[in-house]
Amino acid sequence: MAESAEILFSDATFLAVPVSSLIHRKTAIADMFVRLTTDRMVRVAAKGAEIDSERIHRYGEKNVRHLYVYKIDLSDIVSDLVRGAEGLNQIKNVPSDLRIAKFFSIAESVYQELMQLPITDESLGRAIRLSTEISDSMREKPDFTKLLGTVVSLGDEFTRHSLGTVVMANMIMVQLKWKAQKVVQPVTMGAFFHDIGLKELPRELLEKNPVEMSQAETQLWQTHSEIGVRLLNPIPFVTPDVLRIVQEHHELANGAGYPQRLRGERIFPLARLVSMANSMAHDVFKTGAAASQPFSMEMMAQKVEHVYATMYGGDLAKAARRIFKKEDDA
Ligand SMILES: [Fe+2]
Ligand SMILES: [Fe+2]
């Protein structure tokens, strides 16, 4: 068979997606390309046609980890991944649970919302890969599925927030070039389960706006970090790093956080990152106190300059600044 003709790469048209997110099915959901040099690429699969996985694996041997797709196809790819993960309900060992289906429909809405934001492509590619990782975890660890069900039982808003925090934490890690699994894994898991301790607090409190809480209610609310640690501690795959992230996810670099009022470098670096990701998720996905403020890049830029730098430290604020930089600021 003749090789496909080469075409020119353009940043505006194409997006890199990890190979593993694309070749799990027989038929290609989108046109897929391998990038040969800075500006040349070749098509390795045509939309709707059978995937020649042998050919793609040959590129894999040459260390090609990403395939390129047209940005306009991204929405189809995300829906496909979510549907694929939903299929897990039928797999043995994974308890069939309505909450899991609910989780994936919320995940889809989070990814769709994310695609509307003017954020960098690399961040998006990483966020999409998370769907695959979450389904892998479910396949390998039934306990994970149970915990996921607990997050979903907190309600749509909290599920959206937990997933939003995972996505934001991964975007920050992309900017910091933190790639090692020993960092990416605990941050992703810690971000996903950071608020699980809320499960033990009264429903009415969860529905209350934090600014309207009495002092006693605020104190009760602030116990959720430690409750989370207690709930996660007995689970075998939850590592000490994950527990520390959950324990310290409301500590702030200026010492104004809780529960221990830790300052600056005394905060576990991975927890400080999730602490900022938690705020960003409220701001971007409009949950919690940020729900009434419409999202804009200007608002985010202001917040990064004046709030994030003091609360989470200059290094993390710098990473956030790069995520929410408008094209013409470059
Ligand atoms: Fe929290
Ligand atoms: Fe949170």
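Conventions adopted
- Residue positions are given per chain, counting from 1 as you read along its sequence in written order.
- The lettering of chains begins at A and the numbering of ligands begins at 1, in the order of writing.
- Local features in this predicted model are restricted to residues whose pLDDT is 70 or higher, and side-chain atom pairs enter the listing and the counts only when it is 80 or higher, whereas totals over whole chains, interfaces and linings include all residues.
- Calculated side-chain values reflect all of the structure's heavy atoms, with hydrogen atoms and water omitted.
- For this analysis, a salt bridge means a side-chain nitrogen from Lys or Arg found within 4 Å of a carboxyl oxygen belonging to Asp or Glu.
- Helix and strand assignments follow DSSP, with helices taken as H or I runs no shorter than four residues and strands as E runs no shorter than two, numbered in order from the N terminus.
- Note on aromatic pairs: the rings of Phe, Tyr and Trp (six-membered ring only in Trp) are paired at centre separations within 6.5 Å, and the planes decide the class, stacked below 30 degrees, edge-to-face beyond 60, tilted for the rest.
- Each residue gets one of three labels from its accessible area relative to the maximum for its type: buried under 20%, exposed over 50%, partly exposed in between, using a 1.4 Å probe on protein chains only.
- Put simply, a charge is over a ring when the Lys NZ or the Arg CZ is close to the ring centre, within 6 Å, and near the line of the ring normal, within 35 degrees.
- Here a donor is any nitrogen, oxygen or sulfur atom (N, O, S) within 2.8 Å of the metal, with 3.2 Å used for Na, K and Ca; water is not among the atoms considered, so some sites may look incomplete.
- The rule is simple: four donors are tetrahedral if all their angles sit between 85 and 135 degrees, four are square planar and six octahedral if opposite donors span more than 155 degrees and the others lie between 65 and 115, and anything that fits none of that is irregular.
- Among the buried residues, those of types Ala, Val, Leu, Ile, Met, Phe, Trp, Tyr and Cys that are joined through side-chain atoms within 4.5 Å form a nonpolar core.
- Residue contacts follow a heavy-atom distance rule, with two residues in contact if any of their heavy atoms lie within 4.5 Å.

Bringing the pattern of salt bridges into the picture now. If you walk through the whole model with that rule in mind, you get nine salt bridges. Note that glutamate 200 and arginine 230 form a salt bridge whose closest N and O atoms lie 3.4 Å from each other. In this pair, glutamate 200 sits in the loop between helix H7 (181-193) and helix H8 (203-206) while arginine 230 sits in helix H10 (residues 224-232), placing the two residues 30 residues apart along the sequence. We note a salt bridge from lysine 208 to glutamate 217, for which the minimum N-O separation is 3.0 Å. Overlapping salt bridges bring together Lys199, Glu200 and Arg230 as one network.

What follows concerns the packing of aromatic side chains. Applying the stated rule across the entire model yields seven aromatic pairs. The interplanar angle of 70 degrees and the centroid separation of 5.0 Å between the aromatic rings of phenylalanine 192 and phenylalanine 193 together place this pair among those described as edge-to-face. A residue is classified by how much of its surface remains accessible, and phenylalanine 193, at 1% relative accessible area, is buried. Three or more aromatic residues link up through ring pairs in this structure, and these residues are Phe9, Phe14, Phe33, Tyr68 and Tyr70. When the ring centre of phenylalanine 9 is taken as origin, the NZ or CZ atom of arginine 35, which lies over that ring, is 3.6 Å away.

Next up on the list: the coordination of the iron ion (ligand 1). Where a metal carries four tetrahedral donors, each ideal angle is 109.5 degrees; where it carries six octahedral donors, the ideal angles are 90 or 180 degrees. Protein coordination at the iron ion (ligand 1) comes from Asp195 (OD), His224 (NE2), His249 (NE2) and His250 (NE2), with a distance range of 2.0 to 2.3 Å. Coordination at the iron ion (ligand 1) is irregular: its four donor atoms span angles of 85 to 178 degrees at the metal. Within one chain, the residues serving as donors to the iron ion (ligand 1) are arranged as D-x28-H-x24-H-H.

Attention now goes to the coordination of the iron ion (ligand 2). Around the iron ion (ligand 2), the protein contributes the donor atoms His161 (NE2), His194 (NE2), Asp195 (OD) and Asn278 (OD1), at 2.1 to 2.2 Å from the metal centre. Given four donor atoms and angles of 78 to 174 degrees at the metal, the environment of the iron ion (ligand 2) is assigned as irregular. Sequence spacing of the donors to the iron ion (ligand 2): H-x32-H-D-x82-N. Separating the iron ion (ligand 2) and the iron ion (ligand 1) is a distance of 3.6 Å, and aspartate 195 donates to both of them. Of this pair, histidine 161 sits in helix H6 (residues 156-176) while histidine 194 sits in the loop between H7 and H8, and the two are 33 residues apart along the sequence. Given a relative accessible area of 2%, histidine 161 falls into the buried group. On the accessibility criterion, histidine 194 (0% relative accessible area) is buried.

A few words now on the nonpolar core. The biggest cluster of nonpolar side chains holds 65 residues, and the ones touching the most others in it are Met168, Ile172, Val187, Phe193, Met280 and Tyr308. Non-local contacts of methionine 168, meaning those with residues more than four positions away in its chain, are made with Leu114, Ala277, Met280, Ala281, Val284 and Phe285. One finds Leu15, Val34, Leu74 and Ile77 within the second-largest nonpolar core, a separate group that totals 19 residues.

No statement about biological role is implied by the geometric values presented.
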